[in-house]
Amino acid sequence: MNEQHLRRAIALAAEAREGGNPPFGSLLVSPDGSVLAEERNSTITDEDISAHPELKLARWAARSLDAATAAGTTMYTSCEPCGMCAGALARSGIGRVVFALSGDQLNGLKTSGGFPAVPTDGPHLYDEAKMPVEGYYP
Ligand SMILES: [Zn+2]
């Protein structure tokens, strides 16, 4: 864990807030310690609910880095990634995530609750739904 990189993530979170967005920031660091990319939350100014810095960096890494390079990177982020970002990070090939605030610590700092889960209903129609999937994955 590198405190300098984690402090940069916290500074990016402050910059996001100063820019009118929720206070979250992240950076992606190579094994030699060089910063590859930085992002701030921009969900308000971009009018995009998915504009979390972790998700933006996960997408950047998947597009821009080969698998071996991505696997060697570490994301430093001001807060533990949410469920949406955790899913994207798992698909991105990024090697490791280091966070400052935990999700529980964040919730302790909020006066309002989190996002309610959307009710789901399934599984259904297995025989039909499996048809386009069978054989796709090796
Ligand atoms: Zn997120």
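So, how was this worked out
- Residues numbered from 1 in each chain as written.
- Predicted model: local features only at pLDDT ≥ 70, side-chain atom pairs only at ≥ 80, totals over all residues.
- Heavy atoms only, no water.
- Pairing = 2+ DSSP bridges.
- Helix = DSSP H or I, 4+ residues; strand = E, 2+ residues; numbered from the N terminus.
- Axes fitted to C-alpha atoms, helices over the stretch in contact; angles between N-to-C directions.
- Contact = heavy atoms within 4.5 Å.
- Donors = N, O, S within 2.8 Å, 3.2 Å for Na, K, Ca; no water.
- Buried < 20%, exposed > 50% of the residue type's maximum accessible area, 1.4 Å probe, protein only.
- Phe/Tyr/Trp six-rings, centres within 6.5 Å; stacked < 30°, edge-to-face > 60°.

## Considerations on the sheet that holds strand β4 (residues 96-101)
Sheets are built from strands that pair by backbone hydrogen bonding, the pairs being arranged parallel or antiparallel.
Now for step 1: One open sheet holds the 4 strands; their spatial order is β2-β1-β3-β4, and the pairing between them is mixed. Each edge of the open sheet is held by one strand with a lone partner, namely β2 (35-40) and β4. Pairs of neighbouring strands in the sheet enclose a mean axial angle of 15°, with direction left out of account.
Now for step 2: Where strand β1 (residues 25-29) meets strand β3 (residues 74-79), 4 bridges bridge the pair, whose relative direction is antiparallel. For Val29, the partnering residue across the bridge sits in β3 and is Thr74.
Now for step 3: Along the sheet, helix α2 (residues 53-64) contacts β1, β2 and β3; its crossing angle with β2, the most-contacted strand, is approximately 140°.

## Details of the coordination of the zinc ion
Now for step 1: Taken together, His52 (ND1), Cys82 (SG) and Cys85 (SG) make up the protein donors of the zinc ion, found 2.0 to 2.3 Å from the metal.
Now for step 2: Counting the intervening residues between successive donors of the zinc ion yields the motif H-x29-C-x2-C.
Now for step 3: Exposure remark for Cys82: the relative accessible area of 28% places this residue in the partly exposed category.
Now for step 4: Here Cys85 falls in the buried class, since its relative accessible area comes to 0%.

## Considering the pairing of β2
Now for step 1: As defined by bridge partners, β1 adjoins β2 across 5 bridges and the pair is classed as antiparallel. Within β2, the residue paired with Leu27 across the bridge is Glu38.
Now for step 2: Count of turn residues in the β1/β2 antiparallel hairpin: 5 residues, of which Gly33 carries a positive phi of about 90°.

## What about the side chain of Thr73?
Now for step 1: Looking at the secondary structure, you find Thr73 in the loop between α3 (67-71) and β3.
Now for step 2: Relative accessible area serves as the criterion here: at 1%, Thr73 is assigned to the buried category.
Now for step 3: When neighbours within four sequence positions are excluded, Thr73 is seen to be in contact with Leu28, Val29, Leu36, Leu65, Ile94, Gly95 and Arg96.

## Quick look at the packing of aromatic side chains
Now for step 1: Tallied over the entire structure, the rule returns 1 aromatic pair.
Now for step 2: Each ring, one from Tyr136 and one from Tyr137, has its centre 4.8 Å from the other, and the planes form 90°; the classification is edge-to-face.
Now for step 3: Judged by relative accessible area, which is 60%, Tyr136 ranks as exposed.
Now for step 4: Taking the relative accessible area as the measure of exposure, Tyr137 reaches 60% and is therefore exposed.

Interpretation in functional terms is not warranted from these geometric data alone.
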